[in-house]
Amino acid sequence: MSSSQFPSYHMTPDEFRRYGREVVDWIADYYERIESYPVLSQVQPGEVRAGLPAQAPPQGEPFSALLADIEPLIMPGITHWQSPNFFAFFPANASFPAMLGDMLSSGLGVQGMLWATSPACTELETHVLDWLVDMLGLPGKFKSSAAGGGVIQDTASSAVLAALLAGRERATGYQSNATGGDGRLVAYTSREAHSSVEKAMMVAGLGSENLRLIEVDEAYAMKPEALARQIEADRAAGLIPCFVCATVGTTSSNAMDPVRAIGEICRAEGVWFHVDAAMSGTAALCPEFRHFQDGLELADSYAFNPHKWMFTNFDCDCFWVADRAALIRTLSILPEYLKNQATESGAVFDYRDWHVQLGRRFRSLKLWFVIRHYGVEGLQYHVRRHVELAQEFAGWVEADPDFQLAAPAPLNLVCFRHRGGDETNRALLAQLNNSGDLYLTHTVLSGRYTLRLCVGQTWTEAGHVQRAWQRIQQAAAAL
Ligand code: PLP
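Residues numbered from 1 in each chain as written. Predicted model: local features only at pLDDT ≥ 70, side-chain atom pairs only at ≥ 80, totals over all residues. Heavy atoms only, no water.

Section: the overall build of the protein chain
For the protein chain, the helix and strand inventory stands at 16 helices and eleven strands. The globule rule puts the C-alpha radius of gyration for 479 residues at 23 Å, and the 24 Å found for the protein chain is close to it. When its C-alpha atoms are laid out on the principal axes, the protein chain stretches across 70 × 65 × 45 Å. In the protein chain, the share of contacts with a sequence separation of at least 24, taken over all contacts with a separation of at least 6, comes to 74%. Working note: accessible area of the protein chain is about 21,500 Å², and carbon and sulfur atoms make up 54% of it. The averaged location of the 53 negative side-chain charges in the protein chain is 3 Å from the averaged location of its 38 positive side-chain charges. (Helix = DSSP H or I, 4+ residues; strand = E, 2+ residues; numbered from the N terminus. Rg over C-alpha atoms; globule rule 2.2 N^0.38 Å. Contact = heavy atoms within 4.5 Å. Areas by Shrake-Rupley, 256 points an atom, 1.4 Å probe, with all protein chains shown as cover. Lys, Arg positive; Asp, Glu negative; His and termini not counted. Charge placed at Lys NZ, Arg CZ, Asp CG, Glu CD.)

Let's talk about the sheet that holds strand β4 (residues 240-247)
Read across the open sheet, the seven strands follow the order β1-β7-β6-β5-β4-β2-β3; overall the sheet is mixed. Both outer strands of the open sheet, β1 (149-153) and β3 (211-214), are each paired with one neighbouring strand and no more. For this sheet, the mean angle separating the axes of adjacent strands, direction not counted, is 20°. Packing of helix α6 (residues 156-171) onto the sheet brings it into contact with β1, β2 (185-190), β4, β5 (272-276), β6 (301-304) and β7 (317-321), and relative to β4 it is tilted by some 155°. (Pairing = 2+ DSSP bridges. Axes fitted to C-alpha atoms, helices over the stretch in contact; angles between N-to-C directions.)

Description of the packing of helix α1 (residues 13-33) against helix α3 (residues 63-74)
For the pair α1 and α3, interaxial distance at closest approach is 11 Å and the crossing angle is 10°. Overall, the two elements α1 and α3 adopt an arrangement that is roughly parallel. From α1, Y19, E22, V23, W26 and R33 reach across to α3, where they touch F63, L67, I70 and E71. Split into classes, the residues belonging to the contact of α1 with α3 amount to six nonpolar, no polar and three charged. (Parallel < 35°, antiparallel > 145°, perpendicular 65-115°, else oblique. Nonpolar A, V, L, I, M, F, W, Y, C, P; charged D, E, K, R; others polar.)

With respect to the sheet that holds strand β8 (residues 403-405)
An order of β8-β9-β11-β10 is seen for the four strands of this open sheet, with the pairing classed as antiparallel. The sheet is open, and its two borders are formed by β8 and β10 (441-445), each paired with just one other strand. Each neighbouring strand pair of the sheet contributes to a mean axis angle of 40°, computed without reference to strand direction. In the sheet, strand β9 (residues 413-418) pairs with strand β11 (residues 448-454) via four bridges, with the strands oriented antiparallel. Note on β11: the bridge partner recorded for L413 is C454. Of the strands in this sheet, β8, β9, β10 and β11 are in contact with helix α15 (residues 422-435), which crosses β11 at around 35°. Running over the sheet, helix α16 (residues 462-478) touches β8, β9 and β11 and is turned about 130° from β8.

Here we look at the nonpolar core
Core analysis: the largest hydrophobic core is formed by 69 residues, its most contacted members being L132, W320 and L367. With eight residues, the top contributor of residues to this core is helix α14 (residues 364-399). When residues are assigned to domains, this core turns out to be shared by domain 2 (110-361) and domain 3 (370-478), each giving three or more. Apart from residues no more than four positions distant in its own chain, L367 is found in contact with V128, L129, L132, I152, P306, M310, T312, C316 and C318. Listed in part, the 33 residues of the second largest apolar core include A159, V197, L206 and V321. (Core = buried A, V, L, I, M, F, W, Y, C linked by side-chain atoms within 4.5 Å. Buried < 20%, exposed > 50% of the residue type's maximum accessible area, 1.4 Å probe, protein only. Domains from an automatic or database assignment.)

Regarding helix α8 (residues 195-203)
Residues of α8 that are buried include every one of S196, V197, A200 and M201, and no others. Within α8, the buried residues cover an arc of 150° as seen down the axis, which keeps them to one side. Residues of α8 that are exposed and angled more than 90 degrees away from the buried face: S195, K199, M202 and V203. Tucked inside the fold, the buried residues of α8 contact α6, β2, β3 and β4. One or two steps after α8, the chain reaches G205, where phi turns positive at roughly 80°. (Arc of directions from axis to C-beta.)

Focus on the domain arrangement of the protein chain
When the domains of the protein chain are assigned, the result is domain 1 (3-36 + 41-78), domain 2 (110-361) and domain 3 (370-478). Spacing between the C-alpha centres of domain 1 and domain 3 amounts to 34 Å.

Let's talk about α15
Side chains of residues three or four places apart in an α-helix project in the same direction, reflecting 3.6 residues per turn. Compared with an ideal rise of 1.5 Å per residue, which puts 14 residues at 20 Å, α15 spans 20 Å between its outermost C-alpha atoms and is within 8% of the ideal. Within α15 the residues assigned to the buried category are N425, L428, L429, L432 and N433. For α15, the arc enclosing every buried residue in end-on projection is 120°, short of the 170-degree limit, so these residues lie on one face. Facing away from the buried side of α15 by more than 90 degrees, the exposed set consists of E423 and N434. Those residues of α15 that are buried are in contact with β8, β9, β10, β11 and α16. (Expected span 1.5 Å × (residues − 1).)

A word on the pattern of salt bridges
Applying the stated rule across the entire model yields 21 salt bridges. A salt bridge links E215 to K223, with the nearest nitrogen and oxygen atoms 3.3 Å apart. Linking E297 and R260 is a salt bridge whose minimum nitrogen-to-oxygen distance equals 2.9 Å. With E297 in the loop between β5 and β6 and R260 in helix α10 (residues 259-269), the pair connects residues that are 37 residues apart, well separated along the chain. Its relative accessible area of 29% is what places R260 among the partly exposed residues. Sharing partners across several salt bridges, the network here consists of D102, D315, R361 and R363. (Salt bridge = Lys/Arg side-chain N within 4 Å of Asp/Glu carboxyl O.)

Considering the layout of surface pockets
In this structure, the largest pocket encloses a volume near 730 Å³. Taken together, 27 residues form the lining of the largest pocket, with V23, W26, I27, Y31 and M99 sitting closest to its centre. Counting residues per element, the lining of the largest pocket draws most heavily on α1, which supplies ten residues. Tallied by class, the residues present in the lining of the largest pocket amount to 23 nonpolar, four polar and no charged. Considering only enclosed or pocket space, the second largest pocket measures out at about 360 Å³ in volume. If you trace the second largest pocket, you find 21 residues lining it, with F90, H194, T251, N305 and K308 closest to the centre. Those elements that provide at least two residues to the lining of the second largest pocket are α6 and α11 (306-309). (1 Å grid on protein atoms, 1.4 Å probe; cavity = no way out; pocket = protein on both sides within 12 Å on 5 of 7 lines; lining within 4 Å. Points joined across faces, edges and corners; volume = space filled by probe spheres on them.)

Right under this line is the structure:
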């Protein structure tokens, strides 16, 4: 950064220092006043854009002008995912150590496609994912010291796609990217699985029509005997079963598919078995919740999202395979311009071979910071607290004659409804969300409109859950 005779438009390190502190202060202030904003953004479509100039500025502007525009132009269009009154969907929680790790990642500006393009980016990732195998009680075969290994993907959707591609290739002797599997490849998941499984079928060229949606039981978990019957019928019809995805914690209702029973079928059939534990995988930090993953040693791959419930800001999905050679063989392609000595030595992981995209951010820094800041005990404490709060909420629902639980609540998601029927529940949800006081979302279970309250936001405390229940009761009484 030496001075030269040419003018520079760049921000200097000194300016960066000054403005960087201002941004950090702005973020800290935001968290202190976050509850003063309506949780769900109340803007109308087009409103944010209407506040922006039609053209980009021809001349650069002072940084103070940029920061000053955040409050009036951007904040009205923010839905506050980090508000402790955010109970919608599954959370995408965050924490200050994660943000600082992400800031360092931006500052280093590393693109870690190859080991050689920043060895620390690869090796820290491998190491932290090995730590997580122990922290979550996952099977040892997922460790890099065994035949497996872990990699950070952007999202659970990318993880299921990578797993499906590996399953497709393994089922066809690594020929189907040439033959397309002749239209005979079929895959399986439950009716309640996330839509990302179907999207993966579309992207992998297998087609959504070749995804079998297996029946669920009264707790919305996959029926393994129905899976076995469907596989048998497909084989009899000359089709090639290549992939099964089970879910530990479905999106609608947090249903837990029976991993062991499904895994045994997959093993007997030689079908790739992926387990998607996008949010609920975090619960396995606590040994008392590990029974939901019983049988995971039968899985070929597993994914969970620290960016949902483990205080690691979006995006960060951890994906493990038991046989990394199968994944690498599926996704590796080495053009001349990426060849290098380390790759040729075979002594390193090049994570570009573990997912669809080539380039990759240094995401493990934020995960490393989270794990080191909280420690295993700190993470366990907060997960247990969230589960306790959700269970308390479920108890209040059960005790109120106007409400009922709509599904079992194994962890931190409560599905419930007012006994007044679909229209009442729809009106109740609209009222609550329009109030700005809290944000809940809905699903449909057994054909009935159902409200969902998920406790997983970093800053949610008992008082927030109590107030949410009071608001729900008041709003229902006023309908
Ligand atoms: N799988 C499950 C069970 C989910 O709940 C979700 C999202 O909520 C996903 C996959 C997709 O997550 P992502 O946004 O990481 O692709």
